[in-house]
Amino acid sequence: MRRGVRIFSTRLAKLLVVALFLAAAAYPQQEYKIHAKVDLVVVPVTVKGSGDKLIADLKKEDFVVLEDGRPQTVTNFTIDPVPLSAAVVLDTGLASDSLSKIQKTFPALAGAFSPFDEVAVYRYDKFVTKVLDFSADAERVETAMNTFREVKPRTATDATVARGPFSIPGPVINGAPVVPPVQVGVMTTSPPKISNLLNDAIFTAASDLAKREHNRRKIVLVVSDGQNSGNDHSFDETTKSLLEMGVQVYAVGLDQPFPYNKTSVLDDYAQTTGGDAYFVNSIQSIERSYSAATEEARNQYVLGYISNNEVAGAAPVFRDIQVKIAGNSFKTLHRKGYYQYP
């Protein structure tokens, strides 16, 4: 009798489990989810005092952040140094004297990076070429830079002018072109234009930097005279890419008129992205600018805030950012804004 009761109880328990499972399937519990769009705006900031001296030991409360003129509340703050992902972009279309100076500074350029940084090397003039992909091996980086020692200064004949007996269009007499009467005044003795693909070089470097790890500060360190022509990418297109990818430009400017008034496109890139520009001429000042750039980039205040602005339409909106130091006239370097998406 007891055995029959146990069997019945076991079968009853199984039936109850099945009934509960079927009931749960027939009347599933409804899950409630709250969807909220939260975008943390991250702004690395360099603060300088008189003589361009870096200001340390500031606190979160010392910073005033405005977005489109509206005060923002800083929720995240850090001063911890971070490793760099650096794209070194070298202009090989420099004048002979400047190119010679740069070729003597490669040990200092390679030495400006720490063992925790990773470096890629690019060159540009009328073409953009990646010489070395990102590497943390200091010897590989210096070897890549040393390949530029063999680069010769470029001349006007290196442009798109063809040479040889078949390069002169139309009839010739004793090697000189004959201009038909209807074409008088068409020919010119102006030298051909030489392309200097600064925009394209920075755009290429930024695109590669976008693929690097998020816990690194991403910078382009460009050494150039600022000559800029023949590009596929405009300045505006390139700066938009830099801002969207969180890349800062540090520029070492050569062959600039004295006094240096920072009207170069190099300074425009630096100011827009939150980097810095150094206009130098001597070998010693060039070398100092390398270490100054990497020191600034590695040791920045990083502010984070949740924007209290909202996008009304369907298109992204550019938000202007201003960062000030309360009660002080310190100079702040930071990206000038970002694109807020709906």
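Residues numbered from 1 in each chain as written. Predicted model: local features only at pLDDT ≥ 70, side-chain atom pairs only at ≥ 80, totals over all residues. Heavy atoms only, no water.

### Comments concerning the pairing of strand 10 (residues 217-224)
Logical step 1: A large share of strand 10 lies buried, amounting to 8 of its 8 residues.
Logical step 2: Going residue by residue along strand 10, you find Arg217, Ile219, Leu221 and Val223 tucked away on one face and Lys218, Val220, Val222 and Ser224 tucked away on the opposite face as well.
Logical step 3: The pairing of strand 5 (residues 84-91) with strand 10 spans 7 bridges and is classified as parallel. The residue bridging valine 88 from the neighbouring strand is leucine 221, located in strand 10.
Logical step 4: Where strand 10 meets strand 11 (residues 247-253), 7 bridges bridge the pair, whose relative direction is parallel. Among the inter-strand pairings, valine 222 is bridged to a residue of strand 11, identified as alanine 251. (Buried < 20%, exposed > 50% of the residue type's maximum accessible area, 1.4 Å probe, protein only. Helix = DSSP H or I, 4+ residues; strand = E, 2+ residues; numbered from the N terminus. Pairing = 2+ DSSP bridges.)

### Details of the packing of aromatic side chains
Logical step 1: Within this structure, the stated rule accounts for 6 aromatic pairs.
Logical step 2: Pairing phenylalanine 63 with phenylalanine 77 gives two aromatic rings, centres 5.8 Å apart and planes at 50°, and the pair type is tilted. You can see phenylalanine 63 sitting in strand 2 (residues 63-67) and its partner phenylalanine 77 sitting in strand 4 (residues 74-78), a full 14 residues away along the chain.
Logical step 3: With relative accessibility at 6%, the residue phenylalanine 63 sits in the buried group.
Logical step 4: Overall, phenylalanine 77 belongs to the partly exposed group, its relative accessible area being 29%.
Logical step 5: With 5.2 Å between their ring centres and 65° between their planes, phenylalanine 318 and tyrosine 339 make a pair best called edge-to-face. Residue phenylalanine 318 is found in strand 14 (residues 317-325), and its partner tyrosine 339 is found in strand 16 (residues 337-340); the two are separated by 21 residues along the sequence.
Logical step 6: In this structure, lysine 240 packs its charged tip against the face of tyrosine 339, placed 5.2 Å from the ring centre. (Phe/Tyr/Trp six-rings, centres within 6.5 Å; stacked < 30°, edge-to-face > 60°. Lys NZ or Arg CZ within 6 Å of the ring centre and 35° of its normal.)

### Comments concerning the sheet that holds strand 6 (residues 118-124)
Logical step 1: Read across the sheet, 6 strands follow the order 7-6-5-10-11-12 without closing on themselves; strand pairing throughout is mixed. The sheet terminates laterally at strand 7 (128-135) and strand 12 (276-279), the two strands that pair on one side only. Sheet twist, expressed as the average angle between the axes of neighbouring strands with direction ignored, equals 15°.
Logical step 2: Sheet analysis places strand 11 next to strand 12, joined by 4 bridges and oriented parallel. Pairing of alanine 251 across the sheet is with alanine 277, part of strand 12.
Logical step 3: Running at roughly 150° to strand 11, helix 7 (residues 265-273) makes contact with strand 10, strand 11 and strand 12 of the sheet.
Logical step 4: Sitting on the sheet, helix 8 (residues 283-298) is in contact with strand 5, strand 10, strand 11 and strand 12, with an inclination near 165° to strand 11. (Axes fitted to C-alpha atoms, helices over the stretch in contact; angles between N-to-C directions. Contact = heavy atoms within 4.5 Å.)

### Points about a nonpolar patch on the surface
Logical step 1: Where nonpolar side chains cluster on the molecular surface, the patch consists of Leu40, Val42 and Ile306 and spans about 220 Å² of accessible area.
Logical step 2: Mapped onto the fold, valine 42 is located in strand 1 (residues 40-48). (Patch = residues over 30% accessible without salt bridge, like charges linked within 9 Å, V, L, I, M, F, W, Y side chains within 5 Å. Areas by Shrake-Rupley, 256 points an atom, 1.4 Å probe, with all protein chains shown as cover. Salt bridge = Lys/Arg side-chain N within 4 Å of Asp/Glu carboxyl O.)

### Digging into helix 4 (residues 138-146)
Logical step 1: Every buried residue belonging to helix 4 is among Val141, Ala144 and Met145, and all of these are buried. The buried residues of helix 4 occupy an angular sector of 100° when projected down its axis, which confines them to one face. Opposite the packed face of helix 4, turned more than 90 degrees from it, sit the exposed residues Glu139 and Thr143.
Logical step 2: Its buried side turned inward, helix 4 meets strand 5, helix 3 (106-111), strand 6 and strand 7.
Logical step 3: With a side-chain oxygen positioned 3.0 Å from the backbone nitrogen of glutamate 139, the residue opening helix 4 is aspartate 137. (Arc of directions from axis to C-beta. Polar contact = N/O pair within 3.5 Å; in protein donor to acceptor, adjacent residues only side chain to side chain.)

This is a description of form; function is not addressed.
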